[in-house]
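Commentary on secondary and tertiary structure
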Amino acid sequence: MQTLPGLCAEVIASGLKMPRGLTVLPNGNLLVTEMVRWDATQGRVLQLAATSGGWQQSVVATGFDRPHGVVQGPDGKIYVGEVGRIVRFTPGQPEQRETVATLPLRQRHPLTTFALAGNGDLYVNIGSSSDNCESASPAELAAGRCPESEQDKAGVVWRYHLDQDGKVSDLGVFARGLRNSMALGVHPASGIVLQAENSRDAIHLKLHLPNDNELPHDELNLLQAGQHYGWPFCYDKQLAAPEFPGHDCRNTQPPYLLLPAHAAPLGLTWWLSPKAPPRFAGWLIVGFHGYRQHGHRLMAYPVDKQGLPKGKPLELISNWKDSKGPGGPVEIRVGNDGALYLTDDRHGQVIRLYAAQ
């Protein structure tokens, strides 16, 4: 692992089993979801607390089905995204869990992540069940149809609202045409909603290319209510997918920014804190989880007043690999101390990135 000069990376927890989600509590402690396995309900929620002797680790709750997203809601309860549902519990009472949202089961993209806005709106990823609608029949493809994309709960970002009194309201589909929205974020000042898209695979088989190393690009999308962002009909800058050559992609929203192909962005945030390094204050931070050539790195994008990227990005962490293989950054959050905290599910670590003194 190489960090940009002026930054230091510190491993504050290791030996974890597939850590994914991360949130910062008001007291500065961290909550981390640990998937443990893909095939059993053995997931956990851990707490990391900074002490004079290092970061103390404790188990908050167990028995989750591949937990990913985790936040503390406006009601003070802990919300956890499992496969097929979102549950919540009161801190200190993890055994008393309540299902607050039932989600569709997805074989291809089953994990539940979300982003909580300051007004209590919760934006939830509901991934697709396929790569690019390969389950459609020849007749459906010939007619330019993808039945999966016609469902309300497939390849969308859903929106709920959490009240301070604990009421959860289902607000329905927020945006469509999004294959897998593992990276979601809401800017706390401007309120913009950003999504980083994990785009399709195997396009080279349809385009008769040697490989798909550079196509299609992953995407950064500025989500707006009621808009369609292309999947599975379009890719890159409103190009018709080879399975749907007659689709008019002008009716879809183009990506705000194209990301490298198969970078697999799984987490994003803005480095917003009075204690953030001045050079990167307010910048958009995106983790590239992918195992191919564009993955295993942490990127920083300068932004405008809304928090939208502009200008050339910098690699905060690069060459992220060791004898065990490439690093796998997932969720990213800003701590009360102004440092970035991120999970690495491939190495089983939580990392603190901060400015060198």
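Refer to the structure above for everything that follows.
Reference entry: report on the structure contained in this document. Worth saying up front: this structure is predicted, and the values here are computed from it rather than measured.

1. Considerations on the state of the cysteines
- Evaluation of the coordinates by the stated rule reveals 2 disulfides.
- With its sulfur 2.0 Å from that of its partner, Cys133 forms a disulfide with Cys146. Because the sign of the S-S torsion sets the handedness, a value of about 105° for the bond joining Cys133 and Cys146 places this disulfide among the right-handed ones. One end of the pair, Cys133, is in the loop between strand E12 (121-126) and helix H1 (138-142); the other, Cys146, is in the loop between H1 and strand E13 (156-162), and 13 residues separate them in sequence.

2. Looking at the sheet that holds strand E27 (residues 329-334)
- Strand order in the open sheet formed by 4 strands is E2-E29-E28-E27, with antiparallel pairing between adjacent strands. Among the strands making up the open sheet, the edge pair consists of strand E2 (7-13) and E27. Sheet twist, expressed as the average angle between the axes of neighbouring strands with direction ignored, equals 25°.
- Pairing analysis gives 4 bridges linking E27 to strand E28 (residues 340-344), with the strands arranged antiparallel. Across the sheet, residue Arg333 finds its bridge partner in E28, namely Tyr341.

3. Regarding the packing of aromatic side chains
- Counted according to the given criterion, the structure contains 5 aromatic pairs.
- With centroids separated by 4.9 Å and ring planes inclined at 70°, the aromatic side chains of Tyr123 and Phe174 adopt a geometry described as edge-to-face. Highlighted residues: Tyr123 in strand E12 and Phe174 in strand E14 (residues 168-176), separated in sequence by 51 residues. Taken individually, Tyr123 and Phe174 each receive the classification buried, so the pair is uniform in this respect.
- Members of the aromatic cluster, each reached through a chain of ring pairs, are Trp271, Phe280 and Trp283.
- Of note, Lys153 hangs over the ring of Trp158, and the distance from its end group to the ring centre comes to 4.6 Å.
- Directly above the aromatic system of Tyr354 lies the positively charged group of Arg352, at a separation of 4.4 Å from the ring centroid.

4. Here we look at the nonpolar core
- Counting residues in hydrophobic clusters, the biggest one holds 18 residues, and the most contacted among them are Trp271, Phe280, Ile285, Leu298, Leu316, Leu340 and Leu353.
- Going through the elements one at a time, strand E23 (297-301), strand E24 (314-318), E27, E28 and strand E29 (349-355) are the ones with two or more residues in this core.
- Ranked by size, the runner-up nonpolar core spans 16 residues in total, among them Ala183, Leu268, Val303 and Leu308.

What counts, and where the lines are drawn
- Going along each chain's sequence as written, the residues are numbered from 1 onward.
- Selection of residues for local features in this predicted model requires a pLDDT of at least 70, selection of side-chain atom pairs for listing and counting requires 80 or more, and totals for whole chains, interfaces and linings are taken over all residues.
- Excluding hydrogens and water, the side-chain figures rest on all heavy atoms present in the structure.
- A pair of sulfur atoms, both from cysteines and within 2.5 Å, is called a disulfide here.
- Only DSSP runs of H or I with at least four residues qualify as helices, and only runs of E with at least two residues qualify as strands; both kinds are numbered from the N terminus onward.
- The rule for pairing is simple: two strands pair if DSSP sees at least two bridges between them.
- Axis lines are fitted through C-alpha atoms, for helices just across the contact stretch, and the angle between N-to-C directions can take any value from 0 to 180 degrees.
- The rule is short: rings of Phe, Tyr and Trp, with Trp giving its six-membered ring, pair when the centres are within 6.5 Å, and they are stacked under 30 degrees, edge-to-face over 60, tilted in between.
- For each residue, the accessible area found with a 1.4 Å probe, counting protein chains only, is set against the maximum for its type, and the residue is called buried under 20%, exposed over 50%, and partly exposed in between.
- Note on criteria: charge over ring means Lys NZ or Arg CZ within 6 Å of the ring centre, with the direction from the centre no more than 35 degrees off the ring normal.
- What makes a nonpolar core is a set of buried Ala, Val, Leu, Ile, Met, Phe, Trp, Tyr and Cys residues whose side-chain atoms join them at distances within 4.5 Å.

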